[in-house]
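Examination of the molecular architecture
Chain by chain, the residues run as shown.
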Amino acid sequence: MAGGGFVVGDGQKTYPGKLTPFVLFTCVVAAMGGLIFGYDIGISGGVTSMPSFLRRFFPSVYRKQQEDATTNQYCQYDSPTLTLFTSSLYLAALISSLVASTVTRKFGRRLSMLFGGILFCAGALINGFAKHVWMLIVGRILLGFGIGFANQLEKVIFGQYLLVVKLNDSVPLYLSEMAPYKYRGALNIGFQLSITIGILVAEVLNYFFAKIKGGWGWRLSLGGAVVPALIITLGSLVLPDTPNSMIERGKHEKAKTKLRRIRGVDDVSQEFDDLVAASKESQSIEHPWTNLLRRKYRPHLTMAIMIPFFQQLTGINVIMFYAPVLFNTIGFTTDASLMSAVVTGSVNVAATLVSIYGVDKWGRRFLFLEGGTQMLICQAVVAACIGAKFGVDGTPGELPKWYAIVVVTFICIYVAGFAWSWGPLGWLVPSEIFPLEIRSAAQSITVSVNMIFTFIIAQIFLTMLCHLKFGLFLVFAFFVIVMSIFVYIFLPETKGIPIEEMGQVWRSHWYWSRFVEDGEYGNGLEMGKSSSNQGTKHV
């Protein structure tokens, strides 16, 4: 049984359920949305380090890299058009899904995944057959539209003055709603694992496609994105909607039947009644965006903004987007830079498996803090190594073999620290802490912030590397210190708590309890209950 429980007052409340093959299947297929995302992250950095690709689409960068021996090593890839090729996808994802949110509300989350897969197929094919830079950009924008349909998005008015974008990441939310709470962390990180696998597959393909004679291997790299797109497209055809989504659309009997199948037991009355109660309360709230500003949701709003903000400022996308470019910048040959990216991608996958194993045993806070410490040390060492070799002038040259091994080793340790902490937990924790009545709005903010800063970092990284040199790694190290302090002080532990009962972690927190009073937390499960369980503890 996927049992367990938590103390509420003097009693114990446990939802029965098994970790059924049905749950595993649906979570694996749904998490393939991450494979699309990961493949795109890994593929862009690889092709932008291929000489044949640069010569055709970015000749100014090619000349600096191949022909000008006096070029500052830090600045050889500094090109706004080149960075736009990478970053345009994320801006498109942020803007695209005005229609997707409407489709999701009416027809469910899996249809958004289906549309996302179709659009991603179109973008991948355009990129694979591109003959001009504008075709690359259009293809990337279509890829962003595809991601936008997997991350439904609509424009709303936030309060009276602030216009924002609502972006609801359907896959992590789907996984959090489908998984039994005892295994929620591990199953949700399946989404992050699929991202890391997508990155690794892209890096391996880049390495071998770069060796194709004639210099057209980049077409296979970009066009190969159609494969994960087909996986999510075909997979979405067999995915069920979550009971939460069915209840929200009034299909109660179907939702109860689906819940029985998901949990693998006949008696799901208690959990079903709680879900219905939560849904009724959420539907009674007409302005979730305005309500998100209410005092009792202050902790949720804070986490919805700060966790994705900090996740992007770990500097990981510097490694994942531009790994081959970065390794080439610090003196690796093209083949060596692509192979080093494969090594870091392999470490990324392995470390994510560690997180799957430990997240529901060791807890979220432990992984956040340990990973932050690990990343901080590695960023300082890498900055020192690059600074010692190239200084502030960026004098061109190749690294000695032993020196290169040291740099790659510490970058791998850094990637491992991220992959079992801020990588998966940056998606997991926001998806599990929001009560149903603000879940859509709060999760929308989370992914909006994530996409905004993903775009910003992707767009300005190469320019920042040119101007800040090795000091760029110290900038990210500073933010790692800040985010670790934030987690230590403000983030409560959420492992083992059903998402419908998450209010207790805020009421028992030393700081957030002043905002979330007993009986006020609106999660649809405590309506009419007394406020006699002050100081709730969970097990």
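Above this text you will find the structure in question.
Below or above, wherever it landed, is the structure these notes cover.

Parameters and conventions
- Residues numbered from 1 in each chain as written.
- Predicted model: local features only at pLDDT ≥ 70, side-chain atom pairs only at ≥ 80, totals over all residues.
- Heavy atoms only, no water.
- Helix = DSSP H or I, 4+ residues; strand = E, 2+ residues; numbered from the N terminus.
- Buried < 20%, exposed > 50% of the residue type's maximum accessible area, 1.4 Å probe, protein only.
- Contact = heavy atoms within 4.5 Å.
- Areas by Shrake-Rupley, 256 points an atom, 1.4 Å probe, with all protein chains shown as cover.
- Axes fitted to C-alpha atoms, helices over the stretch in contact; angles between N-to-C directions.
- Parallel < 35°, antiparallel > 145°, perpendicular 65-115°, else oblique.
- Left-handed = near helix turned anticlockwise from the far one by under 90°.
- Core = buried A, V, L, I, M, F, W, Y, C linked by side-chain atoms within 4.5 Å.
- Salt bridge = Lys/Arg side-chain N within 4 Å of Asp/Glu carboxyl O.
- Phe/Tyr/Trp six-rings, centres within 6.5 Å; stacked < 30°, edge-to-face > 60°.
- Lys NZ or Arg CZ within 6 Å of the ring centre and 35° of its normal.
- Nonpolar A, V, L, I, M, F, W, Y, C, P; charged D, E, K, R; others polar.
- Disulfide = S-S within 2.5 Å.
- Expected span 1.5 Å × (residues − 1).
- Bend = angle between axes of the 7 residues up to and from the residue.

Points about the overall build of the protein
Across its full length, the protein holds 24 helices and four strands. For the protein, buried positions account for 62% of its 539 residues. Residue pairs in contact within the protein that sit at least 24 positions apart in sequence constitute 79% of those at least 6 positions apart. As displayed, the protein offers around 19,900 Å² of accessible surface, 66% of which is attributable to carbon and sulfur atoms.

A look at the packing of helix 16 (residues 298-312) against helix 23 (residues 471-490)
Helix-helix packing is described using two parameters, namely the angle between the two axes and the distance between the axes. For the pair helix 16 and helix 23, the least separation of the axes is 10 Å and the interaxial angle reads 150°. The angle between helix 16 and helix 23 falls in the class roughly antiparallel. Crossing handedness for the pair helix 16 and helix 23: left-handed. Counting all contacts with helix 16, which are made through T302, M303, M306 and F310, the residues of helix 23 involved are V482, M483, F486 and F490.

Side note on the nonpolar core
In terms of nonpolar packing, the biggest core is built from 120 residues, with F53, F58 and W422 touching the most fellow members. With 13 residues, the top contributor of residues to this core is helix 22 (residues 436-468). Among residues more than four places away in sequence, those in contact with F58 are F53, T81, L82, F85 and L136. Ranked by size, the runner-up nonpolar core spans nine residues in total, among them I247, A255, L259 and L275.

Remarks on the pattern of salt bridges
Applying the stated criterion across every chain yields a total of three salt bridges. Notably, a salt bridge pairs R140 with D40, separated by 2.3 Å at the nearest N-O pair. With R140 in helix 7 (residues 133-150) and D40 in helix 1 (residues 21-47), this pair connects stretches of sequence that are 100 residues apart. The pair formed by R140 and D40 is uniform in burial state, with each residue classed as buried. Across the salt bridge formed by R364 and D360, the nearest N and O atoms sit 3.0 Å from each other.

Brief notes about the packing of aromatic side chains
Throughout the structure, instances matching the rule amount to 24 aromatic pairs. Relative to F85, the ring of F58 lies with its centre 6.5 Å away and its plane at 55°, an arrangement referred to as tilted. Remark: F85 occurs in helix 4 (residues 80-96) and F58 occurs in the loop between helix 2 (51-57) and helix 3 (59-66); sequence separation between them is 27 residues. The exposure class assigned to F58 is buried, which follows from its relative accessible area of 3%. Given a relative accessible area of 0%, F85 falls into the buried group. Aromatic pair F486 and F490: ring centres 5.6 Å apart, planes at 45°, arrangement tilted. Here the residue F486 and the residue F490 both occupy positions in helix 23, the gap between them amounting to four residues, near one helical turn. A relative accessible area of 11% means that F486 is categorised as buried. Relative accessible area serves as the criterion here: at 23%, F490 is assigned to the partly exposed category. The cationic tip of R140 hangs over the ring face of F85; the distance from NZ or CZ to the ring centre is 5.1 Å.

Re the packing of helix 19 (residues 364-390) against helix 21 (residues 422-433)
Running from amino to carboxyl end, helix 19 crosses helix 21 at an angle of 150°, the nearest separation of the two axes being 10 Å. Relative to helix 21, the element helix 19 lies roughly antiparallel. In this structure, the crossing between helix 19 and helix 21 has a hand that is left-handed. The residues of helix 21 that touch helix 19, namely those facing R364, L367, F368 and M375, are W422, L425, G426, L428, V429 and E432. Residue composition of the contact of helix 19 with helix 21, by class: seven nonpolar, one polar and two charged.

Concerning the state of the cysteines
Enumeration over the complete set of coordinates arrives at one disulfide. Each disulfide pairs two cysteine sulfurs, and for C75 the partner residue is C466, the sulfurs being separated by 1.9 Å. On the sign convention where negative means left-handed, the S-S torsion of about 90° between C75 and C466 marks this disulfide as right-handed. Within this pair, whereas C75 is found in the loop between helix 3 and helix 4, its partner C466 is found in helix 22, the two being separated by 391 residues in sequence. With a relative accessible area of 14%, C75 lands in the buried category. When its relative accessible area of 10% is taken as the criterion, C466 is described as buried. Unpaired in terms of disulfides, C378 finds its nearest cysteine sulfur in C412, a separation of 9.6 Å. Given a relative accessible area of 2%, C378 falls into the buried group.

Focus: the side chain of N450
Mapped onto the elements, N450 comes out in helix 22. Residue class for N450 comes out buried when judged on its relative accessible area of 3%. Excluding anything up to four places from it in sequence, N450 contacts P308, Q311, Q312 and W427.

Some thoughts on helix 18 (residues 334-362)
The α-helix advances 3.6 residues per turn, and as a result positions three or four apart in sequence lie on the same side. Taking 1.5 Å per residue as the helical rise, helix 18 with its 29 residues ought to reach 42 Å, and the 40 Å between its terminal C-alpha atoms agrees with that figure. Of all bends in helix 18, the biggest is about 30°, found at I356. At the exit of helix 18 stands G363, carrying a positive phi of roughly 95°.

Let's talk about unusual backbone geometry
Even without glycine at this site, K469 takes up a positive phi of about 55°. As for its placement among the helices and strands, K469 is situated in the loop between helix 22 and helix 23. The exposure class of K469 is buried, given its relative accessible area of 17%.

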